[in-house]
Amino acid sequence: MTLENINRIAVIGAGSMGHQIAMLSALGGFETYLQDIEQSSLDKAKESLQFQMNKWVTKGKIDQPSLDAAFSRLHATTDLQTAVSEADFVIEAVVEKLDVKRDLFAKLDQFAPPHAILATNSSTIVNSKIAEVTSRPDKVCNMHFFFPPLVMDCVEVVKSEQTSDEAADLAMAVSEKMNRTAVLLHKEISGFIANRILGALTKEAVELYEEGYASFEDIDLICKKALNHPIGPFALMDLSGIDVAYFVNQQRYAETNDPADRPAACIEEKVKAGELGRKTGKGWYDYSKKEVKQS
């Protein structure tokens, strides 16, 4: 199979990642189905995309006819079978929990055509742990977009020992047709490249905060001013979702059983309090306050 054979893409999960990946797919010329179990999530996704893409038109990043054509290629459904039954390529973007992903991939394997590539957008879980529930591990890979996908120009494509060269090459080609820079990882490692490097930085920042060396605001400030980072680690957690960092740490701990990999106490407190960052209006920073402007 070649890129020319990929006409329809299904994106599963209409959350902060999935709906933007679906938009990239539609912009790339693919007939795209966005599926979520909640109609309210699909409605919210449509509203968000219309707002964001209208800004693209205003800024001259896309013309109105091209945008209209992209939206005509984007379809929403709550029915999984409808979304994937004629898909050539499926991208999963559901919650970062292994059991949820495994349950979903078993269904995808059942509903999607035998030729379809099944990709997971997991930010940390290697695809072999998911592929084993399917009858097509050679057609399963990681296709890790970065948040927010409409802005961040990178996709980590990860092969397991069973992922075929064809599947990996197709994931690379699909990424590039979505106007994203694809980078191939030739073998698996939990967290891949970017998140392992980012995770080390975040872990150190959290430890320094918990041990009282500096406030989280000042740690962010040092990273921005001294290291020239565009955003500090605590503000970045707020942007991506503190719960995402929590689930990643939980998964890593489940794999290693190393106490050092457990979620930090301050992260767990935030999650239990429902203070997950920008999406809840409060995380490390309080976004109800007008003076908070974390870029």
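A quick note: this is a predicted structure, and the numbers were derived from the prediction, not measured.

1. A few points about the pairing of strand β8 (residues 182-185)
Regular strands have side chains that alternate between both faces of the sheet.
Alright, step 1. As paired strands, strand β7 (residues 155-158) and β8 are joined by four bridges and run parallel to one another. Across the sheet, residue Val 157 finds its bridge partner in β8, namely Leu 184.

2. A short note on the sheet that holds strand β3 (residues 74-77)
As a general point, the strands of a sheet are linked pairwise by backbone hydrogen bonds and lie either parallel or antiparallel.
Alright, step 1. One open sheet accounts for eight strands, arranged β3-β2-β1-β4-β5-β6-β7-β8; its pairing is mixed. With partners counted over all chains shown, the strands left at the sheet margins are β3 and β8, one partner each. Adjacent strand axes in the sheet meet at a mean angle of 25 degrees when their direction is disregarded.
Alright, step 2. Pairing between strand β5 (residues 117-120) and strand β6 (residues 140-145): three bridges, direction parallel. In the strand pairing of β6, Leu 118 is matched with Val 140.

3. Considerations on the layout of surface pockets
Alright, step 1. As a volume, the second largest pocket reaches approximately 170 Å³.
Alright, step 2. If you trace the second largest pocket, you find it lined by Leu 34, Leu 42, Asp 43, Ala 45, Lys 46, Leu 49, Gln 50, Phe 71, Leu 74, His 75 and Ala 76.
Alright, step 3. Taken together, the elements giving at least two residues each to the lining of the second largest pocket come down to α2 (39-58) and β3.
Alright, step 4. Ranked by residues supplied to the lining of the second largest pocket, first place goes to α2 with six residues.
Alright, step 5. The residue inventory of the lining of the second largest pocket, partitioned by class, reads seven nonpolar, two polar and two charged.

4. Quick word on a negative patch on the surface
Alright, step 1. Taken together, the side chains of Glu 204, Glu 207, Glu 210, Glu 211 and Glu 269 define an acidic patch exposed on the protein surface.
Alright, step 2. Relative to the helices and strands, Glu 210 is located in helix α8 (residues 194-210).

5. Describing the packing of α2 against helix α3 (residues 64-72)
Alright, step 1. Contact geometry for α2 and α3: axes closest at 10 Å, N-to-C directions at 155 degrees. Regarding the angle of α2 to α3, the classification is roughly antiparallel. Considering how the two elements wind past one another, α2 and α3 form a crossing that is right-handed. Every residue of α3 that contacts α2 at Leu 49, Gln 50, Met 53, Asn 54 and Val 57 is listed here: Gln 64, Leu 67 and Phe 71.
Alright, step 2. The residue inventory of the contact of α2 with α3, partitioned by class, reads five nonpolar, three polar and no charged.

6. Considerations on the UniProt feature "domain: 3-hydroxyacyl-CoA dehydrogenase NAD binding" (unreviewed entry) in the protein
Alright, step 1. With numbering matched to this structure, UniProt assigns "domain: 3-hydroxyacyl-CoA dehydrogenase NAD binding" (unreviewed entry) to residues 9-187.
Alright, step 2. Helix makes up 42% of residues 9-187 and strand 20%, whereas the separation of the span's terminal C-alpha atoms amounts to 25 Å.

7. Considering the UniProt feature "domain: 3-hydroxyacyl-CoA dehydrogenase C-terminal" (unreviewed entry) in the protein
Alright, step 1. UniProt feature "domain: 3-hydroxyacyl-CoA dehydrogenase C-terminal" (unreviewed entry): in the numbering of this structure it lies at residues 191-287.
Alright, step 2. End-to-end, the C-alpha atoms of residues 191-287 are 29 Å apart, and along that stretch the chain is 60% helix and 0% strand.

Here is what the cut-offs are and how they apply
- Residues numbered from 1 in each chain as written.
- Predicted model: local features only at pLDDT ≥ 70, side-chain atom pairs only at ≥ 80, totals over all residues.
- Heavy atoms only, no water.
- Pairing = 2+ DSSP bridges.
- Helix = DSSP H or I, 4+ residues; strand = E, 2+ residues; numbered from the N terminus.
- Axes fitted to C-alpha atoms, helices over the stretch in contact; angles between N-to-C directions.
- 1 Å grid on protein atoms, 1.4 Å probe; cavity = no way out; pocket = protein on both sides within 12 Å on 5 of 7 lines; lining within 4 Å.
- Points joined across faces, edges and corners; volume = space filled by probe spheres on them.
- Nonpolar A, V, L, I, M, F, W, Y, C, P; charged D, E, K, R; others polar.
- Patch = residues over 30% accessible without salt bridge, like charges linked within 9 Å, V, L, I, M, F, W, Y side chains within 5 Å.
- Areas by Shrake-Rupley, 256 points an atom, 1.4 Å probe, with all protein chains shown as cover.
- Salt bridge = Lys/Arg side-chain N within 4 Å of Asp/Glu carboxyl O.
- Lys, Arg positive; Asp, Glu negative; His and termini not counted.
- Charge placed at Lys NZ, Arg CZ, Asp CG, Glu CD.
- Parallel < 35°, antiparallel > 145°, perpendicular 65-115°, else oblique.
- Left-handed = near helix turned anticlockwise from the far one by under 90°.
- Contact = heavy atoms within 4.5 Å.
- UniProt positions renumbered as here; feature names shortened; annotations may be inferred.

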